[in-house]
Amino acid sequence: MTFTAPVLSYTLLSPILILLGGALIGVLVEAFVSKALRPVVQLTLTLGTLMLSLFQVWRIRGEQSLTAAMGSLVIDGPAVLLQGSILVIAIISIFLIADAEQFTPLAAALPGSAEEREAAQSGNQVTEVYPLTLFAVSGMMIFPIASDLIMLFVALEMLSLPLYLMAGLSRRRRLASQESALKYFLLGSFASAFFLFGAAYLYGYSGSITFAGIRESVIGGSGNDVLLLVGMAFLTIGLLFKVGAVPFHSWSPDVYQGAPTPITAFMAAATKVAAFGAMLRIFYTVFANAEWSWTPIISAIAIISMVLGSLVAISQRDVKRMLAYSSIAHAGFLLSGIIALNKAGLDATIFYLFAYGVATVGGFAVVTLVRDSSGEVTDLNRWKGLGKRSPFAASAFALFLLAFAGIPLTSGFIGKFSIFSAAYENGATAVVITGVLSSAIAAFFYIRVIVLMFFTDAVEDGTAVEIPSILTRATVVISAVITLVLGIYPAPVLDFITDLAIFIR
Amino acid sequence: MKWLSLLMLLPLAGAAIIAALPKSNEKAAKQAALATTLAVMAATIAMAVGFQRDNVDLQFVESYAWIPSFGINFALGVDAIALVLILMSTILAPVVVLAGWNEAHGGRWSVKTFYVLILVLETMMIGVFAATDLFLFYVIFEAMLIPVYFLIGGYGTGERSAAAVKFLLYSLFGGLLMLASIIALYVMSGAQGGHTFDLDKLSQLQMSSTTQNLLFLGFFIAFAIKAPVWPFHTWLPDAAKSATPGTSVLLLGVLDKVGTFGMIRYCLTLFPEASKTFTPLIMVLAVISIVYGAFLAIGAKDIKRLIAYTSISHFGFITMGIFAMTSQAQSGATLYMFNHGFSTAALFLVAGWMIARRGSSTISDFGGLQRVTPVMAWSFFIAGMSSLALPGLSSFVSEFLVLVGTFTRYPVHAIIATFGIVLAALYILIPVQKALHGPTTAGNENLKDLNLREKLAIAPVIAIIVVLGFYPSPLLNVINPAAKHVISQMGFTDPVPSIGDK
């Protein structure tokens, strides 16, 4: 038996390699750099790594390769666009993660224990979040470009494991945070198991673990359809869990609420991009010819997600839970881009993912600003009169809410319009009409928050708006500018996406 | 000269200047707002002078690529109908600013924010009538809800935030139905020769009659909510009652016209067949609006609600005129839109002054104003007479044209609608009698009459009402060719009156 040395295209893989390298250095920093210097060093290192990786992504735009890593990864236009989006979202999220107030001083200490107090007094910080974030980003970068099932699974675990950990690191309400982490971990493991089960069936169906091999079998139609259907169904369950579509959504409100808000922001935005990126590739290339067998199911899931997400969000009293249900509805909107199964749908989904991701990070950035003496205030009733206390925070939040609601002149509208028109083009009339109607329902609760912030008098209960640090302010401003620019003059970005977004097989 | 984009840029520039002013200098903000709106009015009049009235094509056309990958252009252009409405909007804007000089003081936010919102709204009002790209129209149609929402919720009175939310949700719901129709049109245009939002090209799309009917409904319901036509009207009285008088003028006078304008520009031209199919139903809705609005107005105890109900009745007339499919009714409907803007403005502004002086908006709190404040009382009287379409005042001409035009095709509807005029006499004369005549009610003895600023604001409105009442032909000459064009494009010819031919 001979061993063939793998041939790797280092240039094309450089964005991922840089991230992994940065993450490993981050681990070393934890071991060798003094406690006092660690936060600054880690922040600089992480930001530098992400920027460098983004720069590399920019440099390889337009390149296409099926053999970058022995046929396990594929580099093409959508890959570059998705990776770029993930990196931009990661960069603006890092500004939030830099806020040490959000994280427990000592994750290993029991909540309320003497060790915890001691750690807090000595100014301890869990700077481990930086390398963890970089590992998660690496996983997210690989997920949408994986082109065989093993790689896809490795990437899935790579992005999930750091997130499970980080969800449990909240400084306030640590028990809830740890509970949410455990819930996320257990349900995530179930989903991974489903995913693997599906992958095994697909191997049984096609005799291949590569996307190209499975695709050939689907086109040829020679295999056992039962195996295909079972495999496809279980694989899809794994993916739908990650994006939080109904009925695999039950983790998201708890995790959104329990996790430290910067992590919620990062997870909500970047995971969606990565997971939908992978779904796009799988459904547009591998399963495209089995359209008849999955569109009805995905359409139904899209419709239920949109309706349930919007309806349940109405009754939420907690801003993070409300945003969680809104993200479920958005998962439904994004699924209509998968159903579209055409070039317009691909472009629209990528645009929507970027626009939604940026607005989400911006929205959660504002959430981190509203606090009282015991930490963040996420009870919506205490957001009353925020417009008076901090016009900056309230107007920015209002803008992000309007973008979520899809009001014209925000990025959300262009996203919704393009994704619905693409789905309609493929005959998914029911999905489009449900989408439009649930947008009307969703508008109700977004607007209710605007009413609370601007039209209701403040109650004096100690809720204050933190004067934003430069980093948080940067996140809010960058997200707001992107949201507005993509709403008012999206043509350059749309053209860029249209030119690049072509899957190679 | 790029007139229309200039008109849209001017208020934005004014808004930017006001935004840059210090918060404390409220007077400068007001003066800048007044100067800007006056400049926009002057520019509009200058543009209108150059309008070729016998040319039924779009004029002052401009087009810039906006989102080329979706075939979206920033395309502007006006026909006579749009021109008349833009003229009305830009004349009303300075009137509203001058009349509501102190309106912004009771608000949640600063005075300068109020004027920034008003000016941004003015840009959108011009844009919504001038847009010839369906996407651009929709964007402005939805986006203009936001400044109005903040104007009602931030500066209104009473249950202002509830009213603002009701207004926004109704309009958004309608808008989203329209969006579904727009998406369908866009996709169809892609299948028939390339994605476009150009109105001309969209009107040539081939589609089955079922599709056309469904898409028509998407548009019509959006416009019927906006207008508002019974049974989509319930948001209006609340919004009008809670908004400041100036905002109410813009809301009822201009924004609601987007609904009726949209029926002509979009429902009739894009879906001529479906329009014919639904005409019988819409005519019934219009007649119900006329009579129902009038009855509600008779029963109203609050003066602002009363004016809102009269508007529902008037929008019934306008809708009836649009769908009667005769050129007289069509001209009448357009003229009605213009006149309604001014008579409602006069009513709302004077009512606003009365309410501000008395501190109450209940009709029975007033009485004998004629003796205490003669100028204010006379202004209210004339505005009221215009609202009930007294001959010699502008509304009479348009109401008459609508009724005559409707009668030739729908005599029964026209006859029932005529009762609306009788009811109008009731709903106007009752409050006029209660508020203006009779003994002066306790608490009203010391009310001040209109000051110079208020007189300056109301004078041009009353002048327009009176002059156009006696001499409407300058406006009608502009409107008539466009109205005929709309009707002939629909494939209708005016029925020849049979009476007197024997």
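Residues numbered from 1 in each chain as written. Chains lettered and ligands numbered in written order. Predicted model: local features only at pLDDT ≥ 70, side-chain atom pairs only at ≥ 80, totals over all residues.

**Concerning the overall build of chain A**
Part 1 of the argument: Along chain A, the regular secondary structure elements total 20 helices and 3 strands.
Part 2 of the argument: For 505 residues, the compact-globule estimate of 2.2 N^0.38 gives 23 Å, and chain A sits close to it at 22 Å.
Part 3 of the argument: Each of the three principal axes of chain A carries a C-alpha extent, and together these read 70 × 55 × 40 Å.
Part 4 of the argument: Counting over 505 residues, chain A shows a buried share of 60%.
Part 5 of the argument: When contacts within chain A are restricted to residue pairs at least 6 apart in sequence, long-range pairs at least 24 apart make up 80% of them. (Helix = DSSP H or I, 4+ residues; strand = E, 2+ residues; numbered from the N terminus. Rg over C-alpha atoms; globule rule 2.2 N^0.38 Å. Buried ≥ 20, exposed ≤ 12 C-beta atoms within 10 Å, placed from the backbone. Contact = placed C-beta atoms within 7 Å.)

**A word on the overall build of chain B**
Part 1 of the argument: Across its full length, chain B carries 20 helices and 2 strands.
Part 2 of the argument: The principal-axis extents of the C-alpha atoms in chain B amount to approximately 70 × 65 × 40 Å.
Part 3 of the argument: Buried residues in chain B amount to 62% of all 502 residues.
Part 4 of the argument: Considering only intrachain contacts with a sequence separation of at least 6, the fraction spanning at least 24 residues in chain B is 81%.

**Thoughts on the interface of chain A and chain B**
Part 1 of the argument: Listed as interface residues are 24 residues of chain A and, on the opposing side, 25 residues of chain B.
Part 2 of the argument: Elements represented by at least two residues in the side of chain A that touches chain B include exactly helix 17 (411–425), helix 18 (429–455) and helix 20 (491–500) of chain A.
Part 3 of the argument: Considering every element that reaches the side of chain A that touches chain B, the biggest residue donor is helix 18 of chain A, with 11 residues.
Part 4 of the argument: Taken together, the residues that form the side of chain A that touches chain B break down as 19 nonpolar, 3 polar and 2 charged. (Nonpolar A, V, L, I, M, F, W, Y, C, P; charged D, E, K, R; others polar.)

**Digging into the environment of glycine 387 of chain A**
Residue and element names in this part refer to chain A.
Part 1 of the argument: As for its position among the elements, glycine 387 is in helix 15 (residues 386–389).
Part 2 of the argument: Overall, the presence of 23 C-beta atoms within 10 Å leaves glycine 387 in the buried class.
Part 3 of the argument: Placed 79 residues apart in sequence, glycine 387 and leucine 308 show a C-alpha to C-alpha distance of 30 Å.
Part 4 of the argument: Filtering out sequence-adjacent residues up to four positions away, glycine 387 remains in contact with Ala394, Met453 and Phe454.

**Considering the packing of helix 16 (residues 391–405) of chain A against helix 18 of chain A**
Residues and elements named next belong to chain A.
Part 1 of the argument: Packing of helix 16 against helix 18 leaves a shortest axis separation of 9 Å and a crossing angle of 175°. The pairing of helix 16 with helix 18 is recorded here as roughly antiparallel in orientation. Where helix 16 abuts helix 18, its residues Ala394, Phe397, Ala398, Leu401, Phe404 and Ala405 lie against Ser439, Ala442, Ala443, Tyr446, Val449, Ile450, Met453 and Phe454. (Axes fitted to C-alpha atoms, helices over the stretch in contact; angles between N-to-C directions. Parallel < 35°, antiparallel > 145°, perpendicular 65-115°, else oblique.)

**Overview of helix 17 (residues 394–407) of chain B**
Residue and element names in this part refer to chain B.
Part 1 of the argument: Taking 1.5 Å of rise per residue, 14 residues should cover 20 Å, and helix 17 covers 21 Å from first to last C-alpha, within 8% of that figure.
Part 2 of the argument: When you tally the buried positions in helix 17, you get 12 out of 14 residues, the bulk of the element.
Part 3 of the argument: Buried within helix 17 are the following residues: Ser394, Ser395, Phe396, Val397, Ser398, Glu399, Leu401, Val402, Leu403, Gly405, Thr406 and Phe407. (Expected span 1.5 Å × (residues − 1).)

**With respect to helix 6 (residues 145–155) of chain B**
Part 1 of the argument: By the criterion of burial, helix 6 of chain B is predominantly enclosed, with 11 of the 11 residues buried.
Part 2 of the argument: Check the buried side of helix 6 of chain B and you find it contacts helix 18 of chain A together with helix 4 (111–130), helix 5 (134–143), helix 7 (160–191), helix 10 (235–242) and helix 11 (245–270) of chain B.

**Some thoughts on the confidence of the model for chain A**
Part 1 of the argument: Across chain A, pLDDT averages 89, with 99% of residues at or above 70.
Part 2 of the argument: Predicted confidence in chain A is weakest over strand 3 (residues 464–465) of chain A, with a mean pLDDT of 72, and strongest over helix 5 (residues 129–142) of chain A, with 94. (pLDDT = per-residue confidence, 0-100.)

**Considering the pairing of strand 2 (residues 72–78) of chain B**
Part 1 of the argument: Most of strand 2 of chain B sits inside the fold, with 5 of its 7 residues counted as buried.
Part 2 of the argument: The antiparallel pairing of strand 1 (residues 59–67) of chain B with strand 2 of chain B creates a hairpin that spans 4 residues between the two strands, and glycine 71 of chain B there sits at a positive phi of about 65°. (Pairing = 2+ DSSP bridges.)

**Quick notes on the sheet that holds strand 3 of chain A**
All names here are of chain A.
Part 1 of the argument: An order of 2-1-3 is seen for the 3 strands of this open sheet, with the pairing classed as antiparallel. Each edge of the open sheet is held by one strand with a lone partner, namely strand 2 (375–376) and strand 3.
Part 2 of the argument: Inspection of the sheet shows strand 1 (residues 370–372) paired to strand 3 by 2 bridges, in the antiparallel sense. Opposite arginine 371, over in strand 3, you have alanine 464 as the bridge partner.

**Quick notes on the confidence of the model for chain B**
Residues and elements named next belong to chain B.
Part 1 of the argument: Residue-level pLDDT values for chain B average 85, and 99% of them are 70 or greater.
Part 2 of the argument: Within chain B, no element has a lower average pLDDT than helix 15 (residues 369–372), which sits at 75, and none a higher one than helix 5, at 91.
Part 3 of the argument: Two summary scores accompany this predicted model of the complex, namely pTM at 0.91 and ipTM at 0.86.

**Details of the packing of helix 1 (residues 3–20) of chain B against helix 4 of chain B**
All names here are of chain B.
Part 1 of the argument: As a packed pair, helix 1 and helix 4 sit with axes 8 Å apart at the nearest point and diverge in direction by 170°. For the element pair helix 1 / helix 4, the angle class is roughly antiparallel. Residue-level inspection shows Leu4, Leu7, Met8, Pro11, Leu12, Gly14, Ala15, Ile18 and Ala19 of helix 1 in contact with helix 4, the latter providing Lys112, Tyr115, Val116, Leu119, Val120, Glu122, Thr123, Ile126, Gly127 and Ala130.
Part 2 of the argument: Of the residues assigned to the contact of helix 1 with helix 4, the class counts are 14 nonpolar, 3 polar and 2 charged.

**Overview of the environment of leucine 236 of chain B**
Residue and element names in this part refer to chain B.
Part 1 of the argument: Mapping leucine 236 onto the fold places it in helix 10.
Part 2 of the argument: For the pair formed by leucine 236 and serine 311, sequence separation is 75 residues and the distance between their alpha carbons is 9.2 Å.
Part 3 of the argument: Those residues within four positions of leucine 236 in sequence are excluded, and the remaining contacts are Pro228, Ala308 and Ile312.

**Some words on the environment of threonine 44 of chain B**
Residues and elements named next belong to chain B.
Part 1 of the argument: Within the element layout of this structure, threonine 44 appears in helix 2 (residues 26–49).
Part 2 of the argument: Threonine 44 sits in the buried class, given 24 other C-beta atoms within 10 Å.
Part 3 of the argument: As for threonine 44 and leucine 6, which are separated by 38 residues in sequence, their C-alpha atoms are 9.6 Å apart.
Part 4 of the argument: Setting aside its immediate chain neighbours within four residues, threonine 44 contacts Leu7, Ile86, Leu87 and Thr90.

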